[in-house]
Amino acid sequence: MTLDEIKAAEAKVLLPTYERNPIHFVEGEGVHLVDEKGERYLDLLSGIGVNALGYGHPAIENAIAEQSRKLIHISNLYFHEGQAQLALRLTKMSGMDRAFFSNSGTEAWEAALKLARAYAGLLRSEGKTIGTKFLALENSFHGRTMGSVATTHKAKYREPFDPVMPGVEFVTFDDVDDLKAKVSTDVCGVLIEAIQGEGGIRPVSREYMAAARELTRSTGALLICDEIQAGLGHTGKWFAYQHYDVQPDVTTLAKPLAGGLPLGAMLCTEEAARAIHPGMHGTTFGGGPLACAVALAIIDTIEGEQLLDHVTDTGTYFHGRLDELAAKHTAIVDVRGLGLMLAAELDSAELAKQVTNAMMERRILINRTSETVLRFLPPFILGKDDVDKAIDALDSILTEHAPQTAGSAATGGKFVG
């Protein structure tokens, strides 16, 4: 089908949940996607943080081919070796003790919310005073299902589906005093993205993360870190919270975990896991043999090719080049992020839209989030020459669309050293 044929068909039969860009991709290679006309696009979004190894990576292709000849699905009523192997790797990497596998990030987050409520119930049965309330951050985004959307801050995600899950209160972003004022024995979980993704690549401070850990320990609430976008290496460490020297009770991950196959995970401590027993929660497809095999191949590749070091090195270079642009173009009001999870915030939503579209016209894929923020989530295999290509394009586009005198922007993202 041609692009026009696809658009016509979708207009008739698909629920209109996305405003798609008018490009029909047919294949990919490395850090590039190829459209139906053979045009190559430098992908600095990687399927919104999913394609960590880029496109056509032999480790993924081989894992899919080999495992698909053995088992694709058997249900979670029976054993297969992939879940145990993957859980062992993830718990070791994260500092956790137990794993639950799901199909997606929002399902992993639902599991975390259910665990927190169940754990609070267990503590109450043991005589402790603890409630059922959640504290979530301003600008947070945790998914599209009813529990996840209830803990997502922006009203446009929640209000069309009211009433959503009750018992959620939002805390001012990175405000330690507001957090201290709102944490009480009514709270069963404090919910944090160490670096907010959809919220604009906004990192919380060391002070905030430390305060959240101290406060939850004092009340018995669980500290729950959402690593769905930042986790599995985007920041140069397996998990973004590891930059803070803080260990949460629960974490969730998904996007790059199985390289494009649906797979999410909720990881937790042994203490929190006491609240779950057979029959309380489950999944039909989560943690199937094929997805687990691919996830193991991806972890092996990240380790074997030392891609965390590469992400740190290339990300530092990318951040530096964005800082150079910020010093030249006053339209850039902030540069922030870690590793290859980066953002350049512009001074208007309209300019951010123009820049995103102009980059696409130059065959470079980025997107904007929180209206004014240019988001960069490239594959881990990105090279510095790819960074230079993107920076040169941004420089030219900003010169054309926002010509102004040179200045300097406040920069973020180097908050943890």
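If you're wondering where the values come from, they're calculated on a predicted model, not measured in any experiment.

**Q** Would you take a moment to explain the packing of aromatic side chains for this structure?
**A** Here the distance between the centres and the angle between the planes together describe a pair of aromatic rings. Under the criterion given, the structure shown has four aromatic pairs. Ring centres 5.1 Å apart and planes at 70° place the aromatic pair F141 and Y157 in the edge-to-face group. Placement of the pair is F141 in the loop between β5 (133–137) and α6 (146–150) and Y157 in helix α7 (residues 155–158), with a sequence separation of 16 residues. Residues F141 and Y157 agree in their burial class; the two are buried.

**Q** Even after reading the chapter, I still don't get unusual backbone geometry, so can you show me in this structure?
**A** Most peptide bonds take the trans configuration, and most residues that are not glycine carry a negative phi. Note that the residue after D162, namely P163, is joined by a cis bond; omega there is 0°. Looking at the element boundaries, P163 is found in the loop between α7 and β6 (168–171). Backbone geometry at S46 places phi at a positive 50°, although glycine is not the residue there. Along the polypeptide, S46 turns up in helix α2 (residues 46–49). S46 sits in the buried class, given a relative accessible area of 1%. The backbone of S370 sits at a positive phi, close to 50°, despite the residue not being glycine. Relative to the helices and strands, S370 resides in the loop between β16 (367–369) and β17 (373–376).

**Q** I'm lost on the packing of helix α13 (residues 349–361) against helix α14 (residues 384–401) in this one. Help?
**A** The angle between the axes and the distance between the axes are what describe a pair of packed helices. Axis separation between α13 and α14 bottoms out at 10 Å; the angle between their running directions is 130°. Here α13 lies oblique to α14, going by the angle between them. In this structure, the crossing between α13 and α14 has a hand that is right-handed. For the pair α13 and α14, the contacting residues are L351, Q354, V355, A358 and M359 in the first and A390, A393, L394, I397, L398 and H401 in the second.

**Q** I tried to follow the pattern of salt bridges on my own but got confused; where do I start?
**A** Side chains carrying opposite charge are able to pair once their charged atoms draw close together. Enumeration over the complete set of coordinates arrives at 23 salt bridges. Between R375 and E198 there is a salt bridge, and its shortest N-O distance comes to 2.8 Å. With a gap of 177 residues between them, R375 in strand β17 and E198 in the loop between β8 (195–196) and β9 (202–203) connect regions that are remote in the sequence. Judged on exposure class, the residue R375 and its partner E198 are both buried. For E345, the salt bridge is made with R202, and the minimal N-O distance between the two is 3.9 Å. Linking E345 in strand β14 (residues 341–346) with R202 in strand β9, this pair joins segments that are 143 residues apart in sequence. Here E345 and R202 have matching classes, each one buried. Beyond isolated ion pairs, a larger network of salt bridges with shared partners links K133, E169, D178 and K182.

**Q** Would you mind going over the side chain of H80 with me for this structure?
**A** Mapping H80 onto the fold places it in the loop between α3 (58–68) and α4 (81–94). Polar contacts involving the side chain of H80 include one to the main-chain amide nitrogen of G82, which spans 3.1 Å. Polar contacts involving the side chain of H80 include one to the main-chain carbonyl oxygen of G287, which spans 2.8 Å.

**Q** Would you mind showing me how to read the nonpolar core here?
**A** Side chains that are nonpolar tend, in soluble globular proteins, to be buried together. One finds L90, L179, F318 and F376 to be the most contacted residues of the largest nonpolar core, which totals 95 residues. It is helix α11 (residues 289–304) that contributes the most residues to this core, nine residues altogether. Setting aside residues no more than four positions away along its own chain, F318 makes contact with L44, L340, L342, F376, L382, V387 and I391. Residues F100, A112, L191 and L222 belong to the second largest nonpolar core, which totals 25 residues.

**Q** Sorry if this is basic, but what is going on with the sheet that holds strand β15 (residues 364–365) here?
**A** The pairing of strands in a sheet happens through backbone hydrogen bonds and is either parallel or antiparallel. Taken in spatial order, the four strands make up an open sheet running β1-β2-β3-β15, and their pairing is mixed. With one partner strand each, in any of the chains shown, β1 (25–29) and β15 form the two edges of the open sheet. The sheet contact formed by strand β2 (residues 32–35) and strand β3 (residues 40–43) spans three bridges and is antiparallel. If you follow L33 over to β3, its bridge partner there is Y41.

**Q** In this structure, what is going on with the pairing of β3? I would like to understand it.
**A** In regular strands, side chains alternate between the two faces of the sheet. From the end of β2 to the start of β3, which pair antiparallel, there are four residues, and G38 there has a positive phi angle of about 85°. When β3 meets β15, the two strands line up parallel, connected through two bridges. Directly across from D43, in β15, lies its bridge partner L365.

About the cut-offs
- Residues numbered from 1 in each chain as written.
- Predicted model: local features only at pLDDT ≥ 70, side-chain atom pairs only at ≥ 80, totals over all residues.
- Heavy atoms only, no water.
- Phe/Tyr/Trp six-rings, centres within 6.5 Å; stacked < 30°, edge-to-face > 60°.
- Helix = DSSP H or I, 4+ residues; strand = E, 2+ residues; numbered from the N terminus.
- Buried < 20%, exposed > 50% of the residue type's maximum accessible area, 1.4 Å probe, protein only.
- Axes fitted to C-alpha atoms, helices over the stretch in contact; angles between N-to-C directions.
- Parallel < 35°, antiparallel > 145°, perpendicular 65-115°, else oblique.
- Left-handed = near helix turned anticlockwise from the far one by under 90°.
- Contact = heavy atoms within 4.5 Å.
- Salt bridge = Lys/Arg side-chain N within 4 Å of Asp/Glu carboxyl O.
- Polar contact = N/O pair within 3.5 Å; in protein donor to acceptor, adjacent residues only side chain to side chain.
- Core = buried A, V, L, I, M, F, W, Y, C linked by side-chain atoms within 4.5 Å.
- Pairing = 2+ DSSP bridges.

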